[in-house]
Amino acid sequence: MGLYTKLPEEIREVDVIFVGGGCTSCITASRLSDADPTLSILVIESGQNNYDLPTVTYPGFWYGHLTPGNKHTSFFQGPKSEHLAGRQATVPTGHILGGGSSINMALYSRAQRSDYDSWKVSGWSAYDLLPYMKRDRHGFDSPIEVSGSRFRSPRLESDFINALGELGWPEIEDINTLDHINGVMRAVRYVNPDGRRQDTAHKYLHPRLQDGKHPNLHVLVESQATGVTYRPNPAFQSTEDSSKDNIRMLKARKMIILSAGPLGTPLVLERSGVGDPQILKRAGVPIVSNHFSMMYGYESTLKPEETLEGIISGRLSAEKLIKADAKVLGWNSVDCQAKLRPTDTDIAGLGPEFQETWDNDFKDFPDKPLMMMSAVAGIPPKQNCTIVTFNLYPSSRGHLHITGPKIDDVPDFDPGALSDPQAIDLKSHVWMYKKHREIVHRMGLLGDELPGMHPTFSADSKAIKTAAGKFEYTVEDDQIIEDWIRGHLDSTWHPIGTCKMAPREEFGVVDPVLNVYGVQGLKIADMSIPTANIGANLANTAMTIGERAADILIRELGAY
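Below, the discussion takes up the overall build of the protein. For the protein, the count of helices and strands is 15 helices and 19 strands. A buried classification covers 59% of the 560 residues belonging to the protein. In the form shown here, the protein has an accessible surface area of approximately 22,400 Å², with 51% of it arising from carbon and sulfur atoms. Once the 57 positive and 70 negative side-chain charges of the protein are each reduced to a mean point, those two points are 3 Å apart.

Here it is, written out as structure tokens:
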């Protein structure tokens, strides 16, 4: 039993290997170890150990993980794109034990019922998965705590809710029922009442490494996977660094589970020779979703103690805040989350192509929102506020492939933002821009638009505001908005669906019990497997997959 940066020489063979120590595998490995402590289990994570790191345990530091060069985040960068005004899209992912659950905003956000049902996979419907979801917030057999946390910004929270209410979108007590939308909820988080992040490594893995009851559970950090080699039994190669002298072959007697995340797992598969890369490329191997967002900044009358600005800017001493166990450290600056759909009039105004997409993908699924939106408190250098909007079901698709056999070969990655030929995603963001302005116009705490965070209209444009206090947009104004979106769209860090769970003839990679097609003893369990987008942040679904995967493994391995 132990957590290592260098695996002891005597550990050369184990029963089960998890490639990746992210949000999902921390749960699955822990549950499997509980079910059968005699099973030898090894979790291999390329990032660092997260144990008791203040920047992890205090969610108030989450913004720092998005800073370029942050060692706990991997940044996948796409090519310059005409769809983004020549910019390169960057998608950050977790690079630390616990994965995204260690560094994200810690929002508790469930997907919709139709999301899971659309996968059309036996055992993975919303009905099937709900018992696994209930393990966290409802306190059934889970160490994860979900709460409103001990710090909020109630003036901004209520102002945002009231403004939505004026437009007919009410406050909903719980928008995470799988069915509710067209309203706003006072946010809850993966944060306990004492203000500590509830990442899956701290809540599942670390307690078992320390309790003396799981002697065969091992974790190796700061090590990477070169691939999987097939003998009579699968075997896994891991490296502590990229030099050949440090490559070790480790054997898995029973099973290997790839859980390196939607941008890591497919690269391991291709480096292992699973699927001809040229065939995979022609098939698309799409990143089914990567929610891209827009951030619109506003001046506000919020006070310093009502925002996260002091932490983000460094104006407040992190050391002093930690020493004082300041309540603000348990806050992520987001107190509300809205899920919204356009009206029939809105839809018709977005053109016939959008209407067709809506009729095909949304009309018969009234639980599917088009937009998720939140108010974020605190943009340096002042107590400003950002309204964040993002499209939950993008039509655009990207791709990810290896370019060579080595770990450090730069992958062929393009998230495909705004690339759908009918510009459905662009039109969605235009609607979101206009709608968020109507909401902000009704808020008492927010004032002028921050320069550099909004489109610039001509001086006589009614898009600035009419005499009646409303906004009116011309074709020229819409073009200005579209150009602005292309020049400023950003990632919301939600890649998904790169190794989907579907029939092989539909370009599926795994079957309903997570087996990789054509390979014995190899499974995938992470956010690579969803077959379609989800209308939520990803952490809850990643945890749900972890719990479901654990049950599958326990049954197959007879670990009762």
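Turning to the environment of His-180, a few remarks are in order. Following the sequence through the fold, His-180 ends up in the loop between α5 (154-166) and β6 (183-186). With near-sequence residues (within four places) excluded, His-180 lies in contact with Gln-112, Ile-172, Asp-174 and Ile-175. Within the local environment of His-180, its side chain forms a polar contact with the side chain of Thr-177, the two groups lying 2.7 Å apart.

What follows deals with the packing of helix α1 (residues 23-35) against helix α6 (residues 200-210). At a minimum axis separation of 9 Å, α1 and α6 run at an interaxial angle of 30°. In terms of their interaxial angle, α1 and α6 are classed as roughly parallel. Pair α1 / α6 crosses with left-handed handedness. Residue-level contacts link Cys-23, Cys-26, Ile-27, Ser-30, Arg-31 and Asp-34 of α1 to Thr-200, Ala-201, Tyr-204, Leu-205 and Arg-208 of α6. Here the contact of α1 with α6 is composed, by residue class, of 6 nonpolar, 2 polar and 3 charged.

At their nearest, the axes of helix α13 (residues 424-441) and helix α14 (residues 475-488) sit 10 Å apart, and the two run at 110° to each other. Looking at the two axes, α13 sits roughly perpendicular to α14. For the pair α13 and α14, contact is made by Leu-426, His-429, Val-430, Tyr-433 and Lys-434 and by Asp-478, Ile-481, Glu-482, Ile-485 and Arg-486, respectively. Class assignment of the residues belonging to the contact of α13 with α14 gives a composition of 5 nonpolar, 1 polar and 4 charged.

Attention now moves to the pattern of salt bridges. For the structure on display, the rule yields 24 salt bridges. Here Asp-335 and Arg-152 are joined by a salt bridge, their closest N and O atoms 4.0 Å apart. Of this pair, Asp-335 sits in the loop between α10 (318-324) and β12 (336-340) while Arg-152 sits in the loop between α4 (126-137) and α5; the two residues are 183 residues apart in sequence, bridging distant segments of the chain. Given the relative accessible area of 23%, Arg-152 is considered partly exposed. Of the charged contacts in the structure, one is a salt bridge between Asp-335 and Arg-189, with a shortest N-O distance of 2.8 Å. Of the two residues, Asp-335 is situated in the loop between α10 and β12 and Arg-189 in the loop between β6 and α6; the sequence distance between them amounts to 146 residues. Like Arg-189, Asp-335 is buried. In the salt-bridge network here, residues are joined through shared partners; they are Arg-152, Glu-157, Glu-171, Arg-186, Arg-189 and Asp-335.

Applying the stated criterion to the full structure yields 13 aromatic pairs. Ring centres of Trp-62 and Tyr-63 lie 5.6 Å apart, and the angle between their planes is 80°; this geometry places the pair in the edge-to-face category. What makes Trp-62 buried here is its relative accessible area of 6%. With a relative accessible area of 39%, Tyr-63 lands in the partly exposed category.

Turning next to the side chain of Ser-272. Within the secondary structure layout, Ser-272 lies in the loop between α7 (265-271) and α8 (277-283). In this structure Ser-272 comes out as buried when scored by relative accessible area, which is 14%.

Ranked by internal contacts, the top residues of the largest apolar core, which has 84 residues, are Ile-17, Phe-18, Trp-119, Trp-124, Leu-258, Leu-269 and Ile-524. Top element by residues in this core is helix α15 (residues 539-557). It accounts for 8 residues. Apart from the residues lying within four places of it in its own chain, the contact partners of Trp-119 are Trp-124, Leu-129, Met-501, Pro-530, Thr-531, Ala-532, Ile-534 and Thr-541.

To continue, consider α1. The end-to-end C-alpha distance of α1 is 19 Å, a good match for the 18 Å that 13 residues give at a rise of 1.5 Å each. Counting buried positions along α1 gives 12 out of 13 residues, so the element sits mostly inside the fold. Restricting attention to buried positions, one finds in α1 the residues Cys-23, Thr-24, Ser-25, Cys-26, Ile-27, Thr-28, Ala-29, Ser-30, Arg-31, Leu-32, Ser-33 and Ala-35.

Turning our eyes to something else, we now look at helix α12 (residues 352-361). Of all the residues in α12, the buried ones are Phe-354, Thr-357 and Trp-358. Within α12, the buried residues cover an arc of 100° as seen down the axis, which keeps them to one side. Projecting away from the buried face of α12 at angles above 90 degrees are the exposed residues Pro-352 and Asn-360.

Its location among the elements puts Asn-332 in the loop between α10 and β12. Reaching out from Asn-332, the side chain makes a polar contact with the side chain of Arg-189 at a distance of 3.0 Å. Within the structure, Asn-332 has its side chain in polar contact with the backbone nitrogen of Val-334 (distance 2.9 Å). The residues contacting Asn-332, other than those within four sequence positions of it, are Trp-62, Met-105, Ala-106, Leu-107, Arg-189 and Leu-308.

Attention now moves to unusual backbone geometry. Even without glycine at this site, Ala-85 takes up a positive phi of about 55°. With respect to the helices, strands and loops of the structure, Ala-85 is situated in the loop between β4 (73-81) and β5 (87-94). The exposure class of Ala-85 is exposed, given its relative accessible area of 54%. One non-glycine residue, Asp-325, lies in positive phi territory at about 50°. Within the element layout of this structure, Asp-325 appears in the loop between α10 and β12.

Let's shift gears to the environment of Gly-518. Considering the arrangement of structural elements, one finds Gly-518 in the loop between β18 (490-496) and β19 (522-524). When the C-alpha atoms of Gly-518 and Val-43 are compared, they prove to be 24 Å apart, with 475 residues separating the residues in sequence.

Rules of the game
- As a convention, each chain's residues are numbered from 1 in the sequence order in which they are written.
- pLDDT decides what is reported in this predicted model: residues at 70 or higher carry local features, side-chain atom pairs at 80 or more are listed and counted, and totals for whole chains, interfaces and linings draw on all residues regardless.
- In computing side-chain properties, one takes all heavy atoms of the structure into account and sets aside hydrogens as well as water.
- Secondary structure follows DSSP: runs of H or I at least 4 residues long count as helices, runs of E at least 2 residues long count as strands, and numbering of each begins at the N terminus.
- Relative accessibility under 20% of the residue-type maximum defines a buried residue, over 50% an exposed one, and the middle range a partly exposed one, all with a 1.4 Å probe and only protein chains included.
- Using a 1.4 Å probe, the Shrake-Rupley method yields the accessible areas, and only the shown protein chains count as cover for residues.
- Charged-residue counts in this description rest on Lys and Arg as positive and Asp and Glu as negative, His and the chain ends being excluded.
- By convention, the point assigned to a charge is CZ for Arg, NZ for Lys, CD for Glu and CG for Asp.
- Any two residues having at least one pair of non-hydrogen atoms within 4.5 Å are treated as being in contact.
- Under this definition, polar contacts are N or O atom pairs within 3.5 Å; protein pairs additionally need one hydrogen-donor-capable and one acceptor-capable atom, and for neighbouring residues in sequence, both atoms have to be side-chain atoms.
- For helices, the axis comes from a line fit to the C-alpha atoms of the stretch in contact; other axes are also lines fit to C-alpha atoms, and the angle between any two N-to-C directions lies between 0 and 180 degrees.
- Convention used here: angles under 35 degrees read as roughly parallel, angles over 145 as roughly antiparallel, angles from 65 to 115 as roughly perpendicular, and any remaining angle as oblique.
- The sense of a crossing depends on the near helix, which, turned anticlockwise from the far helix by less than a right angle, makes the crossing left-handed and, turned clockwise, makes it right-handed.
- When residues are sorted by character, Ala, Val, Leu, Ile, Met, Phe, Trp, Tyr, Cys and Pro go into the nonpolar class, Asp, Glu, Lys and Arg into the charged class, and all the rest, Gly among them, into the polar class.
- Only one rule defines a salt bridge in this text: a Lys or Arg side-chain nitrogen within 4 Å of an Asp or Glu carboxyl oxygen.
- In this scheme Phe, Tyr and Trp rings, the latter by its six-membered ring, pair at centre separations within 6.5 Å, and the angle between planes marks the pair as stacked below 30 degrees, edge-to-face above 60, and tilted otherwise.
- Throughout, nonpolar core names a set of buried Ala, Val, Leu, Ile, Met, Phe, Trp, Tyr and Cys residues whose side chains join them through atoms within 4.5 Å.
- One less than the number of residues in a helix, times 1.5 Å, gives the span that helix is expected to have.
- Working definition: the arc comes from the directions between the helix axis and the C-beta atoms, pointing outward to the latter.

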